[in-house]
Amino acid sequence: MDTEPTHTAALLVNRRGQYLLHLRDAHKPISDPGVWSLPGGALEGGETPREGVARELMEEAGIVADGLTPFTVIENTRVFLSSWDGDPSRLAVTEGIMFAFFDLATTARLTMAPWAAEVLARHRADGAPVPPQRTHGAGAVANIVGVHLLLERDGEVLLGLRHSDSAFAPLEHHFLAGHCERESAVSCLIREAREEAGLVIAPEDVEFAHMVHLQHTPGTRPRLQLVFRARKWEGEPRVLEPDKCVSWDWWPLDALPEPLVDYTRAALDGIRDGRLYTESGWR
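The shown structure was predicted, so the numbers you read here are calculated from the model rather than taken from an experiment.

Conventions and cut-offs
- Residues numbered from 1 in each chain as written.
- Predicted model: local features only at pLDDT ≥ 70, side-chain atom pairs only at ≥ 80, totals over all residues.
- Heavy atoms only, no water.
- Helix = DSSP H or I, 4+ residues; strand = E, 2+ residues; numbered from the N terminus.
- Buried < 20%, exposed > 50% of the residue type's maximum accessible area, 1.4 Å probe, protein only.
- Contact = heavy atoms within 4.5 Å.
- Areas by Shrake-Rupley, 256 points an atom, 1.4 Å probe, with all protein chains shown as cover.
- Lys, Arg positive; Asp, Glu negative; His and termini not counted.
- Charge placed at Lys NZ, Arg CZ, Asp CG, Glu CD.
- Pairing = 2+ DSSP bridges.
- Axes fitted to C-alpha atoms, helices over the stretch in contact; angles between N-to-C directions.
- Core = buried A, V, L, I, M, F, W, Y, C linked by side-chain atoms within 4.5 Å.
- Expected span 1.5 Å × (residues − 1).
- Arc of directions from axis to C-beta.

Asks: Where do I start with the overall build of the chain in this structure?
Replies: Regarding its fold elements, the chain presents 5 helices and 16 strands. Based on the C-alpha atoms only, the size of the chain along its principal axes is roughly 65 × 45 × 35 Å. Within the chain, the fraction of its 283 residues that count as buried is 46%. Counting contacts in the chain only where the partners sit at least 6 residues apart, residues at least 24 apart contribute 69% of the total. In the structure as shown, the chain presents an accessible area of about 14600 Å², 52% of it carried by carbon and sulfur atoms. Taking the average place of the 28 positive charges on the side chains of the chain and the average place of its 42 negative ones, the gap between the two points comes to 5 Å.

Asks: What am I meant to see in the sheet that holds strand β16 (residues 277–280) here?
Replies: As a general point, the strands of a sheet are linked pairwise by backbone hydrogen bonds and lie either parallel or antiparallel. The 5 strands are arranged β12-β8-β14-β13-β16 in an open sheet whose pairing can be described as mixed. On the outer flanks of this sheet lie β12 (176–179) and β16, each paired with one strand and no other. Averaged over all pairs of adjacent strands, the angle between strand axes in this sheet comes to 25°, irrespective of strand direction. Note that strand β13 (residues 206–214) and β16 share 4 bridges and pair parallel. Across the sheet, L214 pairs through a bridge with S280, a residue of β16. Contacts from helix α4 (residues 185–197) reach β8 (144–150), β12, β13 and β14 (223–230), with the element oriented near 125° to β12.

Asks: Even after reading the chapter, I still don't get the pairing of strand β7 (residues 98–102), so can you show me in this structure?
Replies: Consecutive side chains along a regular strand alternate between the two faces of the sheet. Where burial is concerned, most of β7 is hidden: 4 out of the 5 residues are buried. Taken together, the 5 bridges between strand β2 (residues 19–23) and β7 define a ladder with antiparallel strand orientation. Across the sheet, L23 pairs through a bridge with M98, a residue of β7.

Asks: Would you explain unusual backbone geometry in this entry?
Replies: The omega torsion across E258 and P259 is -10°, close enough to zero to call that bond cis. Locating P259 in the fold gives a position in the loop between β15 (245–252) and α5 (262–272). At D32, a residue that is not glycine, the phi angle is positive and equals roughly 55°. Examined against the element boundaries, D32 turns out to sit in the loop between β2 and β3 (36–37). Despite not being glycine, D154 has its phi angle at roughly 55°, a positive value.

Asks: For this particular structure, what's the right way to read the nonpolar core?
Replies: Side chains of nonpolar character tend, in soluble globular proteins, to be buried together. L149, L151, L199, I201 and F228 are the most contacted members of the largest nonpolar core, which totals 21 residues. For this core, the secondary-structure elements that each account for two or more residues are β8, α4, β13, β14 and β15. In contact with L199, other than residues within four places in its own chain, are L149, L151, L158, A193, R194, W233, E234, G235, E236 and P237. Y19, F102, W115 and A116 belong to the second largest nonpolar core, which has 20 residues in total.

Asks: Explanation requested: helix α3 (residues 114–125) in the structure shown.
Replies: Helical periodicity: at 3.6 residues per turn, an α-helix aligns residues three or four positions apart in one direction. Its 12 residues place the ends of α3 16 Å apart at the C-alpha level, agreeing with the 16 Å of an ideal helix rising 1.5 Å per residue. Buried within α3 we find W115, A116, V119, L120 and H123. The buried residues of α3 occupy an angular sector of 145° when the element is viewed end-on, so they sit on one face. Turned more than 90 degrees away from the buried face of α3 sit P114 and A125, all of them exposed. Looking at the buried residues of α3, the elements they touch are β1 (7–13), β2, β3, β5 (69–74), β6 (77–83) and α2 (104–107). Immediately downstream of α3, the backbone of G127 shows phi near 95°, a positive value.

In C-alpha cells:
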C-alpha cells in the first residue's frame, strides 16, 4: 500500500526556463550535504505537503511562490512546481550556503543530489513547462504578519535571548513573538505567550502599541510586525521552547541589551516617542 510522502520540495522555474537550486551545507549531519538540491524538507505536525513546501521556502529563503502545483513524487518527497522570478543574490538565506538559477545545460555539470537531478530530468521529459506568472491586482504582494508582546514592569521590558541555532536572529534579543496562522493577531499573541513562556493573558488586557512595516532585503516578502502591550498577565516567564529562546529577562528601557533585533529597537523607540508606525528596509 502506498504511503503519503513525509517530505516536500519545490521546483521553481523563472521566465527563462532556469531552475532555482539550493547549495546545501557540506559539514552538517543533514540530507544532501555539500551538493545542489531543491529547497524543501520534512513535513511538520499535521500540515499538508503544499503547506509544508510553502513554509520551507519561507524559512530557508523568505520566498513566496504562488501557484504551487503538484508535479511528481520521488523518494518519499512530493515535489511542487511553480514560477519565481526574484533575484537569488538578494535572498536572506537562513539554511544552506546559497541559492542560484541554472539553465538546463549548466545543471548537467553540477554536483547534484541524485533525486533532485531526477526531478529535473522528469521536468525536461515533460517538455520543461514554465508555470504561468500570477499577479494580484496591480502587483499586490501578500505580507507576512508577525505578532509581538510588549510586557513592562517597573520600568523594564521583557526580552528573550534567541538560541544560537535559531534560523532568525541567533544570539540576539527580541520580543516574545510569532507568526499569525489562521487566527486573529490578538489570538496569536495569547497563544504564543502561553506556548513560549507560560504566560496567561486575557484578550481584554491587550492593546495595540506599534507596527513596523519591514522589508529585510529588496525582493523578499514584506512583513507587518505588530506589537501589542499586555497591561496584565498571569505567571512568570519560563523557557518553554529552548530550541528558539534560551532565557527571558527584564531590561531597563534606557539600558537595552546588545545585540537587539533591529526592528525590535525601532518599535521600542517608536513607542517611547509616542508613534504608532515605523518603516524599515524600504528604499
